[in-house]
Every structure is written in structure tokens, then in C-alpha cells.
Amino acid sequence: MSGPNLSKRDEIRSYATGYGFALALTGAAFAIVHWPSFASITTLAIVLGLALVQMVVHFRFFLQISFRKSASDDLRLILFAALIVILMVSGTLVIIFNLRARMM
Amino acid sequence: MTASDIRHAGLNLGDTDELTHEQAGRALFGFWVFLMSDAVLFALLFATYGVMVSATAGGPTPALEYKILPAFLETLTLLTSSFTFGMTSVTMKRGASRRQLLAWMGLTLVLGAAFLGMELHDFADMFGDAAYPTRSGYLSSFFALVPLHGLHVFFGIIWIAVMMMQVMVFGLDAPVKINILRLGLFWHFLDIVWIAIFSVVYLQGLIR
């Protein structure tokens, strides 16, 4: 694979690979909740971990982002958005849960 | 390394249409900015949901309201529609027959509509259980987050229909191709938001 000029078979294979991975990860996440075999906190951690992996799979195979070949503006924007998301979501959760713990 | 070795997000036209490929890089970057700002908006609604999920005010709880089978079927439908949109992009790029292109787009549209139908059915069930947005903080945040994704899918469906008409009326000229590339980014992005929804909202609510 080099540059944007892939063959048609490579392109179809990329989408099919992404689809296969996505189905497997989704199936695993639903299965582990439907047939619980771990403590609930472990299950939650596994589900969130699988979701993170699946998001990476979607970015890689469906949105076709790659660290080596994508335009640096696109990558910088993804990293910036990820930074904002992590800061705001974790900040919100930490502050509000802390506040709740103090008020209870 | 020339400019055309660097890839924009989504499928690249590359050497199948050099001229449009040059324009697409700039055109798609603007759309990429919109998608990332939309991602931040969704992330904040997820944070709100995470804070509110235990605030059920004695009303319906997540474990009572969510059902695993519909959530699973909705996920499969949306995932499959992401794959069929991938095939739409490849068909468009490789200049296959217009009928083939319209068939993949139509299939994506039908899958999107099926997803939306199932989701609305879920919401109707929840309303039937008196789980409406004003009942509790948990339900307010649920109905702010999940239907917003549904609304995106709804506009995605309209956009697919519009693009099918543009393909029929204008054929595959540069603006139509670039619009289909944009629509592809939008559709795949919605699937990524749904991953977060089925994991954080549905599966988290159903863990025993």
C-alpha cells in the first residue's frame, strides 16, 4: 500500500476487514454483558476497553486515518479534539462525583 | 513525496480523478473540522449522562428500560450500513455503473431507516413505561444524548436521498463526488458515536 492510489481489491478488503473486526468486537461486548462471567466493575472496564478498540478500528478502516499517510492537519485536529474530550469529560466526572461524595 | 501522496480522511480518489482529488483535500478538511466539533458536543452529553445516570428520582432505571436484543440489532444494522457506505465510496471511485452505485446507496439508506425505526420503537416503549424526559435527571440526559444521534442519522438519510437524486440528475461530476466523500465521513462518524452509545449507555445500564 502506498499513497492514495490503492487497488480496488485493497479498498474493498479495507472495508471488509473493518467490518469483520467491528462485528467481532461488538459481539464480544454484548456477549460479556449478556452472559456475565466477571464482577460488574470488571465487565464495565472490558466493555469500555472494547469500545475504545472498536473506535480505533473504525477510524483506521472506515475513515482510513493512518499516522503515516494522513494529512497532518487531519491528525492534529483528531488529537486536539481527543485532548478536549478527555479534559472536559474526565474533568466533569471527577468534579461532580467529588461534589456528590462530599454532599452525601 | 508529492502532495498527492498525503491522504485526506475517508476514501481518496487518488489517480482515478486527479483534478477532483486536488479539490477534495481542502473541501473535506472543513467538514472534518465540523465532525470533530460535533464529537466534542457528543462527548459533553456523554459526560452529562455519566453524571445523571444514577439520578433516577425513584422512577424508571436503566436496567429496567434497556433491552439487549434491540440494542444489538440496531448496532448490527448501523455497522452493516457503514460497510455498505464503504462499498458506495469504492463503487463511486471506480466508475462502476450508475445502477450499482445507486443500489449501494439505496441499501445504506434502507439500513439507516431500519435503524431509525427500531430506535423510535424503543423510545415509544420507554414512553409507554412512563419513562419520558421530564421524569428524572437520568431520563433528561438520556433523551438529550441518544435522540440527538438519531437526529443525525435522520439527516444522514435525507442527505443520502439528496445525493441519489444528484447522481441521477447531474451524474458523477466533481461537486457530486466530493459531496459523497463528505457524506461518507459523516456516516462513518455516526457509527463511531453509536459505539460510545451502545457501550456507555445500553451495556453499562444492563451490566448486573
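Keep in mind that what you see is a predicted model, and the values were worked out from it rather than measured.

A.B. asks: Please provide a residue-by-residue account of the overall build of chain B, values included.
C.D. replies: Summing up its helical and strand segments, chain B has 6 helices and 0 strands in all. Each principal axis of the C-alpha distribution contributes one length, and for chain B these read about 60 × 35 × 25 Å. Buried residues in chain B amount to 43% of all 208 residues.

A.B. asks: Mind laying out the overall build of chain A, listing which residues take part and the relevant values?
C.D. replies: Helices and strands together make up the secondary structure of chain A, namely 3 helices and 0 strands. When the helices and strands of chain A are listed from N to C terminus, the series reads α-α-α. Taking 2.2 N^0.38 as the reference for a compact globule, 104 residues should give roughly 13 Å; the C-alpha atoms of chain A span a radius of gyration of 18 Å, well beyond that estimate. Taking the principal axes of its C-alpha atoms as reference, chain A extends roughly 60 × 40 × 15 Å. Residue burial in chain A is summarised as follows: out of 104 residues, 24% are buried.

A.B. asks: Break down helix 3 (residues 72–103) of chain A for me, citing the residues and quoting the values.
C.D. replies: A turn of α-helix holds 3.6 residues, and therefore any two residues three or four places apart point the same way. Its 32 residues give helix 3 of chain A an end-to-end C-alpha distance of 46 Å, which sits within 8% of 46 Å, the value for a rise of 1.5 Å per residue. Burial analysis of helix 3 of chain A places just 1 of its 32 residues in the buried class, which makes it a mostly uncovered element.

A.B. asks: Pulling in residues and values, what's your account of the nonpolar core?
C.D. replies: Across soluble globular proteins, nonpolar side chains show a tendency to be buried alongside one another. Among the nonpolar cores identified, the biggest contains 74 residues, and A29(A), L185(B), V193(B), I197(B), F198(B) and V201(B) are the most heavily contacted of them. Of all the secondary structure elements, the ones that give two or more residues to this core are helix 1 (8–34) and helix 2 (40–62) of chain A together with helix 1 (18–52), helix 3 (68–93), helix 4 (98–128), helix 5 (137–170) and helix 6 (174–206) of chain B. Counting residues per element, this core draws most heavily on helix 6 of chain B, at 19 residues. Ignoring sequence-local partners within four residues, the contact set of V193(B) consists of F42(B) and H149(B).

A.B. asks: Could you give me a rundown of the confidence of the model for chain A, with the residues and numbers involved?
C.D. replies: For chain A, per-residue confidence averages 91 on the pLDDT scale, and 95% of positions sit at 70 or higher. Considering each helix and strand of chain A separately, the mean pLDDT is smallest for helix 3 of chain A, with a value of 93, and largest for helix 2 of chain A, with 95.

A.B. asks: Go over the environment of D73(A) with me, naming the residues and quoting the values.
C.D. replies: As for its placement among the helices and strands, D73(A) is situated in helix 3. In the structure, D73(A) is positioned 19 residues away from T92(A) in sequence and 28 Å away in space, judged by C-alpha atoms.

A.B. asks: An account of helix 2 of chain A is requested, with residue identities and associated values reported.
C.D. replies: The end-to-end C-alpha separation of helix 2 of chain A is 32 Å, in line with the 33 Å expected for 23 residues at 1.5 Å each. Of all the positions in helix 2 of chain A, only T43(A), V47(A), L50(A), A51(A), Q54(A), V57(A), H58(A), F61(A) and F62(A) are classed as buried. Residues of helix 2 of chain A that are buried make contact with helix 1 of chain A together with helix 3 and helix 6 of chain B. One or two residues past the end of helix 2 of chain A sits Q64(A), with phi positive at roughly 55 degrees.

A.B. asks: Lay out unusual backbone geometry with the relevant residues and their values.
C.D. replies: The phi angle at Q64(A) is positive, at roughly 55 degrees, despite the residue not being glycine. Along the polypeptide, Q64(A) turns up in the loop between helix 2 and helix 3. Phi at A130(B) takes a positive value of approximately 65 degrees, unusual for a residue other than glycine. The topology assignment puts A130(B) in the loop between helix 4 and helix 5.

A.B. asks: Would you mind going over the packing of helix 4 of chain B against helix 5 of chain B in detail, with residue names and values included?
C.D. replies: Residue and element names in this part refer to chain B. Contact geometry for helix 4 and helix 5: axes closest at 10 Å, N-to-C directions at 160 degrees. Classified by the angle between their axes, helix 4 and helix 5 sit roughly antiparallel to one another. The two elements helix 4 and helix 5 meet at a crossing, and its hand is left-handed. The segment helix 4 lies against helix 5, with R98, L101, L102, M105, G106, T108, L109, G112, A113, F115, L116 and E119 engaging G150, V153, F154, G156, I157, I160, A161, M163, M164 and V167. In the contact of helix 4 with helix 5, the residues fall into 15 nonpolar, 5 polar and 2 charged.

A.B. asks: Hey, could you go over the confidence of the model for chain B for me, with residue numbers and the actual values?
C.D. replies: For chain B, the mean per-residue pLDDT works out to 93, and 98% of the residues sit at or above 70. Predicted complex metrics record ipTM = 0.91 and pTM = 0.93.

A.B. asks: Could you give me a rundown of the packing of helix 1 of chain B against helix 6 of chain B, with the residues and numbers involved?
C.D. replies: Residue and element names in this part refer to chain B. The N-to-C vectors of helix 1 and helix 6 enclose an angle of 20 degrees; their axes lie 9 Å apart at closest approach. In this view, helix 1 runs roughly parallel relative to helix 6, as classed from their interaxial angle. The chirality of how helix 1 crosses helix 6 is right-handed. From helix 1, L19, T20, Q23, A24, A27, L28, F31, W32, L35, F42, F46 and Y49 reach across to helix 6, where they touch A174, K177, I178, L181, R182, L185, F186, F189, V193, A196, V200 and V201. Across the contact of helix 1 with helix 6, the residue classes break down as 20 nonpolar, 2 polar and 2 charged.

A.B. asks: Explain the environment of A47(B) to me, and be specific about the residues and the numbers.
C.D. replies: Looking at the element boundaries, A47(B) is found in helix 1. C-alpha separation for the pair A47(B) and S141(B), spaced 94 residues apart in sequence, amounts to 9.5 Å. If sequence neighbours within four positions are ignored, A47(B) has contacts with M88(A), V89(A), T92(A) and L93(A).

A.B. asks: I'd like a rundown of the environment of H58(A), residues and numbers included.
C.D. replies: You can see H58(A) is positioned in helix 2. Distance from H58(A) to A71(A), taken between C-alpha atoms, is 18 Å for residues 13 residues apart in sequence. Those residues in contact with H58(A) that sit more than four places away from it in its chain are G18(A), A22(A), L63(A), H188(B), D191(B), I192(B) and I195(B).

Criteria and thresholds
- Residues numbered from 1 in each chain as written.
- Chains lettered and ligands numbered in written order.
- Predicted model: local features only at pLDDT ≥ 70, side-chain atom pairs only at ≥ 80, totals over all residues.
- Helix = DSSP H or I, 4+ residues; strand = E, 2+ residues; numbered from the N terminus.
- Buried ≥ 20, exposed ≤ 12 C-beta atoms within 10 Å, placed from the backbone.
- Rg over C-alpha atoms; globule rule 2.2 N^0.38 Å.
- Expected span 1.5 Å × (residues − 1).
- Core = buried A, V, L, I, M, F, W, Y, C linked by C-beta atoms within 7 Å.
- Contact = placed C-beta atoms within 7 Å.
- pLDDT = per-residue confidence, 0-100.
- Axes fitted to C-alpha atoms, helices over the stretch in contact; angles between N-to-C directions.
- Parallel < 35°, antiparallel > 145°, perpendicular 65-115°, else oblique.
- Left-handed = near helix turned anticlockwise from the far one by under 90°.
- Nonpolar A, V, L, I, M, F, W, Y, C, P; charged D, E, K, R; others polar.

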